[in-house]
Amino acid sequence: MIVSMRTLATGAVLSVLLCGTAFAADNAALAAAIDKAVQDAIAAGESPGLQVAVYKDGAPVLVKGYGSANLELNAPVNNDSIFRIGSVTKQFTAAALVKLEEEGKLSLDDKLSKYYPDFPRAADVTLKQMLHHTSGIHSYTDDPSFLQEAGLKRTTDEWVAHFAKMPKTQDFEPGTGWNYSNTAYFILGGVIEKAEKKPLGAVLQDRFFGPLELTHTALDDESVILPGRVAGYDGTGPHQFKNAAFISMTVPGAAGAMRSSANDLARWNAALFGGKILKPASFKAMIAPGKLNNGQNSTTAVKDRPADMPPFEYGYALFIGDVDGHQRIGHGGGIFGFNASLNEFPKDRLTVSVIANGIGKDVGAGKIADRIERIALGLPPKK
């Protein structure tokens, strides 16, 4: 059968149009399903407000705000609302360190003593171990004084000096265990400041937020009058909210002081996983499981893992796991009044970003983020 080039060309165009129409229809149905799930979560009192950004194949499927940004003012959440994101901050800290290593300004094999010689065991701990949570440095958020001191405003070096005097500064010998350490990441922020000779917020703005046009994202400062700033709430259960306690943003620092929006975070993931931030070898290292001194993966040393928590590995500020066979790479964040979840499914070309202005028992971003992910992956609800 002889077919003209014009007929072939017309058929090709028609095929593209039909595929595009089917793609749009699929995305519309997916957006509707996710939208209903989030609306149900708000109705169930899982958070006063939620902000959601879901991207598929590099395109937004749903970017939307839900519920209340301020219960006292009855102000709604929208796409320009700005939330604190807690420990999702850590991956920005990690990426900045890796960039500095690429530029020869530091090495992740450097000992902490090069930057903070007076910190306990600093000569025995590397920056890489701090990134992997294998340094053994005790987390200041586990210290009994944490809640009493959360309102204090100090410089980075002043906080590091304070952490150095805590009753407990080391959980285990460096490289022999795994324990989540906010202290380690806070101090890494100080390392960045010393290497760059300017404040961490300026480093992140100049290297990431500005170039990527993440206009809702910054290292937070509670003294700044910020249009769109969302109020945070602690929850003792669904629909049971109270104003969150005050915390100075100098306290979490590089471990958790950023503010952002769900859409900015999704766009950050697009840049990070799309090779626009780090060189391929550097990014590969960022998502590789950490190692102990004995060569085993770092999380083989995790103790007391909850029974309902699936196995995971930990790279540089990124958890590596899966959801029913779908690889998931990401991190959550929790801070007074706020809860965030940012996960990438690289093989599925899926990004799910969820931020809540509530945190507590059965309150926050975690459960709804899990439900959104399963909907987007075409998986049945978790039993």
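Predicted, not measured: the structure shown is a model, and the values here were computed from it. (Residues numbered from 1 in each chain as written. Predicted model: local features only at pLDDT ≥ 70, side-chain atom pairs only at ≥ 80, totals over all residues. Heavy atoms only, no water.)

Chemist: Help me understand the packing of aromatic side chains, please; the structure alone is not making it clear to me.
Modeler: Tallying each qualifying case throughout the model produces 15 aromatic pairs. With a centroid separation of 5.9 Å and an interplanar angle of 65 degrees, the aromatic rings of Y140 and F146 are classed as edge-to-face. Assigned by exposure class, Y140 and F146 land together as buried. In this structure an aromatic cluster arises from ring pairing among Y140, F146, W159, F163, F186 and F336. Residue placement shows K90 over the ring face of Y185; its charged tip is 5.8 Å from the ring centre. The ring centre of W159 lies 4.5 Å from the NZ or CZ of R154, which sits over that ring. (Phe/Tyr/Trp six-rings, centres within 6.5 Å; stacked < 30°, edge-to-face > 60°. Buried < 20%, exposed > 50% of the residue type's maximum accessible area, 1.4 Å probe, protein only. Lys NZ or Arg CZ within 6 Å of the ring centre and 35° of its normal.)

Chemist: Got a minute to help me understand the nonpolar core in this structure?
Modeler: Nonpolar side chains tend to gather and get buried jointly when the protein is soluble and globular. Ranked by size, the top nonpolar core spans 79 residues in total, and within it L106, L112, F119, M130, F208 and W268 carry the most contacts. For this core, the leading source of residues is helix α6 (residues 182-196), giving 8 residues. If near-sequence neighbours (up to four positions away) are discounted, M130 is found in contact with L112, V125, S135, I137, A184, Y185, I187 and L188. (Core = buried A, V, L, I, M, F, W, Y, C linked by side-chain atoms within 4.5 Å. Helix = DSSP H or I, 4+ residues; strand = E, 2+ residues; numbered from the N terminus. Contact = heavy atoms within 4.5 Å.)

Chemist: What is the right way to read the sheet that holds strand β13 (residues 350-356) from this model?
Modeler: Sheets are built from strands paired through backbone hydrogen bonds, the pairs being either parallel or antiparallel. An order of β3-β2-β1-β13-β12-β11-β10-β9 is seen for the 8 strands of this open sheet, with the pairing classed as antiparallel. Since the sheet does not close on itself, it has two edges, and those belong to β3 (75-76) and β9 (313-314), each with one partner. Examined bridge by bridge, strand β11 (residues 326-335) and strand β12 (residues 338-345) share 7 bridges and lie antiparallel to one another. Following the sheet pairing, G334 is matched in β12 by N339. Where helix α8 (residues 262-273) meets the sheet, it contacts β1 (49-56), β2 (59-70), β11, β12 and β13, and its direction lies at approximately 30 degrees from that of β1. Where helix α10 (residues 366-377) meets the sheet, its contacts fall on β1, β10 (319-323), β11, β12 and β13, and the angle it forms with β13 comes to roughly 155 degrees. (Pairing = 2+ DSSP bridges. Axes fitted to C-alpha atoms, helices over the stretch in contact; angles between N-to-C directions.)

Chemist: Explanation requested: the side chain of T93 in the structure shown.
Modeler: Tracing the backbone through its elements, the reader meets T93 in helix α2 (residues 89-102). In this structure T93 comes out as buried when scored by relative accessible area, which is 0%. Discounting chain neighbours no more than four positions away, the residues touching T93 are Y185, L188, G189, I192 and A254.

Chemist: I keep staring at the pattern of salt bridges and nothing clicks. Help me out?
Modeler: It is possible for side chains bearing opposite charge to pair when their charged atoms get close. Using the criterion set out here, one finds 27 salt bridges in the structure. Across the pair R349 and D57 runs a salt bridge, and its minimum N-O distance is 3.1 Å. Taken together, the residues span a long stretch of sequence, with R349 in the loop between β12 and β13 and D57 in the loop between β1 and β2 at a distance of 292 residues. Under the relative-accessibility criterion, R349 is labelled partly exposed at 48%. D57 sits in the partly exposed class, given a relative accessible area of 33%. For the salt bridge of D221 with K153, the shortest nitrogen-to-oxygen distance reads 4.0 Å. On the criterion of sequence distance, the pair formed by D221 in the loop between β5 (218-219) and β6 (233-237) and K153 in the loop between α4 (146-149) and α5 (156-163) is long-range, its members being 68 residues apart. (Salt bridge = Lys/Arg side-chain N within 4 Å of Asp/Glu carboxyl O.)

Chemist: Help me out: how do you make sense of unusual backbone geometry in this one?
Modeler: Negative phi is the rule for most residues except glycine; trans is the rule for most peptide bonds. For D57, which is not glycine, the phi dihedral falls at a positive 55 degrees. At E213, a position not held by glycine, the phi torsion is positive, near 55 degrees.

Chemist: Teacher, can you tell me more about the pairing of β13 here?
Modeler: Looking along a regular strand, one sees side chains alternate from face to face of the sheet. In terms of residue burial, β13 counts as a mostly covered element, since 7 of its 7 residues are buried. Judged by which residues are buried, β13 turns out to be covered on both faces: L350, V352, V354 and A356 on one side and T351, S353 and I355 on the other are all buried. Two elements, β1 and β13, share 7 bridges in a ladder whose sense is antiparallel. Its bridge partner lying in β13, A53 is registered against S353. Direction of pairing for β12 relative to β13: antiparallel, over a ladder of 7 bridges. Among the inter-strand pairings, N343 is bridged to a residue of β13, identified as V352. Following β12, the chain reverses through 4 residues before pairing antiparallel with β13; R349 in that reversal takes a positive phi of roughly 50 degrees.

Chemist: Hey, could you run me through the environment of P252 in this one?
Modeler: Note that P252 resides in the loop between β7 (240-243) and β8 (258-260). By relative accessible area, P252 is classed as buried at 7%. When neighbours within four sequence positions are excluded, P252 is seen to be in contact with Y140, F186, I247, A257 and I335.

Chemist: I'm lost on the pairing of β1 in this one. Help?
Modeler: Among the 8 residues of β1, 8 are classified as buried, and the element is accordingly described as predominantly covered. Of the two faces of β1, both are covered, the one formed by G49, Q51, A53 and Y55 as well as the one formed by L50, V52, V54 and K56. Note that β1 and β2 share 8 bridges and pair antiparallel. Across the sheet, residue A53 finds its bridge partner in β2, namely V63. Here β1 folds back onto β2, and the loop between the two strands holds 2 residues, one of which, D57, carries a positive phi near 55 degrees.

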